[in-house]
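# Inside the fold
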Amino acid sequence: MKCSEALELISLSVDGETDARQESMLRFHLNGCADCRRALQFSRALSGAVASLADFTPPPNLEAAVRARLSKSDYDSSPLKTRSASRLVLLRRAAVIIPFAATLIFAARIFIPPVTPVSASGNPEEQYAPIPPSAYTRPVTLTTF
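Residues numbered from 1 in each chain as written. Predicted model: local features only at pLDDT ≥ 70, side-chain atom pairs only at ≥ 80, totals over all residues. Heavy atoms only, no water.

### As for the packing of helix α1 (residues 3-14) against helix α2 (residues 20-32)
Note the following rule: Axes here mean lines fitted to C-alpha atoms, for a helix over just the part in contact, with angles spanning 0 to 180 degrees between N-to-C directions. Secondary structure is summarised from DSSP: a helix means a run of H or I of at least four residues, a strand means a run of E of at least two, and numbering begins at the N terminus for each. Roughly parallel refers to an angle under 35 degrees, roughly antiparallel to one over 145, roughly perpendicular to one between 65 and 115, and oblique to any angle outside these ranges. By the definition used in this description, the sense in which the near helix is turned from the far one sets the handedness, with an anticlockwise turn below a right angle giving left-handed and a clockwise turn giving right-handed. Contacts between residues were defined by any pair of non-hydrogen atoms, one from each residue, lying within 4.5 Å. Note on residue classes: Ala, Val, Leu, Ile, Met, Phe, Trp, Tyr, Cys and Pro are nonpolar, Asp, Glu, Lys and Arg are charged, and everything else, Gly too, is polar.
It is the contact of α1 with α2, at a shortest axis distance of 10 Å, that shows an interaxial angle of 125°. Between α1 and α2, the crossing angle belongs to the class labelled oblique. In this structure, α1 crosses over α2, and the sense of that crossing is left-handed. Along the contact surface, α1 presents Cys3, Ala6, Leu9, Ile10 and Ser13, while α2 presents Gln22, Glu23, Leu26, His29 and Leu30. Considering only residue class, the contact of α1 with α2 consists of six nonpolar, three polar and one charged.

Below is the structure:
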């Protein structure tokens, strides 16, 4: 069993939705996988913490307030940042990053010598040709085992 499959079973197991066969497979995987054991412990702790939370009761006027705001179509008064402010931050960052990157590229072109291909015979004019994958394999017959 792969860890991705075990994580799905962990989620189902914590919710009590697994059968005996799935539980057995999960236990077998958990015996050999410390990461999945930690995931199971975390999932159980998280489930317990969520179960211990008190039920949330929204204020009685919440629905009316949301409907009133939606009917006004007053979306521009959101407390979230506007697009223009986030664009300005992005432009400021780009104004710093782009010249820095250009300086690094320029310095690399000056101080790092270009790499020239070297052939097996030492002749720089002879181009390097990689070995084809077929050179690494051999024919398989019953006698080669």
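Right, picking up where we left off after that structure.
### Comments concerning helix α3 (residues 34-51)
Note on helix geometry: an α-helix contains 3.6 residues per turn, so any two residues three or four positions apart are oriented the same way. For clarity, the cut-off: Expected span, for any helix, means 1.5 Å times one less than how many residues it has. Here the term buried applies to any residue with accessible area under 20% of the maximum for its type, exposed to any over 50%, and partly exposed to those in between, with areas from a 1.4 Å probe on protein chains only. What the arc describes is the spread of directions from the helix axis to the C-beta atoms.
The terminal C-alpha atoms of α3 lie 26 Å apart, and with 18 residues this matches the ideal 26 Å at 1.5 Å per residue to within 8%. The complete set of buried residues in α3 reads Cys36, Ala39 and Leu40. Each buried residue of α3 sits inside an arc of 100° when the element is viewed along its axis, so together they form one side. Residues of α3 that are exposed and point over 90 degrees away from its buried face: Gln41, Phe42 and Ala45.

### Focus on a nonpolar patch on the surface
Going by this rule: Think of a patch as exposed residues, more than 30% relative accessible area, with no salt bridge, where like charges cluster within 9 Å and nonpolar side chains (Val, Leu, Ile, Met, Phe, Trp, Tyr) cluster within 5 Å. Throughout, the Shrake-Rupley method with a 1.4 Å probe supplies accessible areas, and for residues the shown protein chains are the sole cover considered. By salt bridge we mean one thing: a side-chain nitrogen of Lys or Arg within 4 Å of a carboxyl oxygen of Asp or Glu.
Taken together, the side chains of Phe42, Leu46, Val50 and Leu53 present a nonpolar region at the surface, about 430 Å² in accessible area. Tracing the backbone through its elements, the reader meets Val50 in helix α3.

### Focus: the packing of α2 against α3
Close contact between α2 and α3 brings their axes to 6 Å; oriented N to C, the two are set at 120°. Taken together, the axes of α2 and α3 lie oblique to each other. Mapping the contact onto sequence places His29, Leu30, Asn31 and Gly32 in α2 and Ala34, Cys36, Arg37 and Leu40 in α3. Counted by class, the contact of α2 with α3 contains four nonpolar, three polar and one charged residues.

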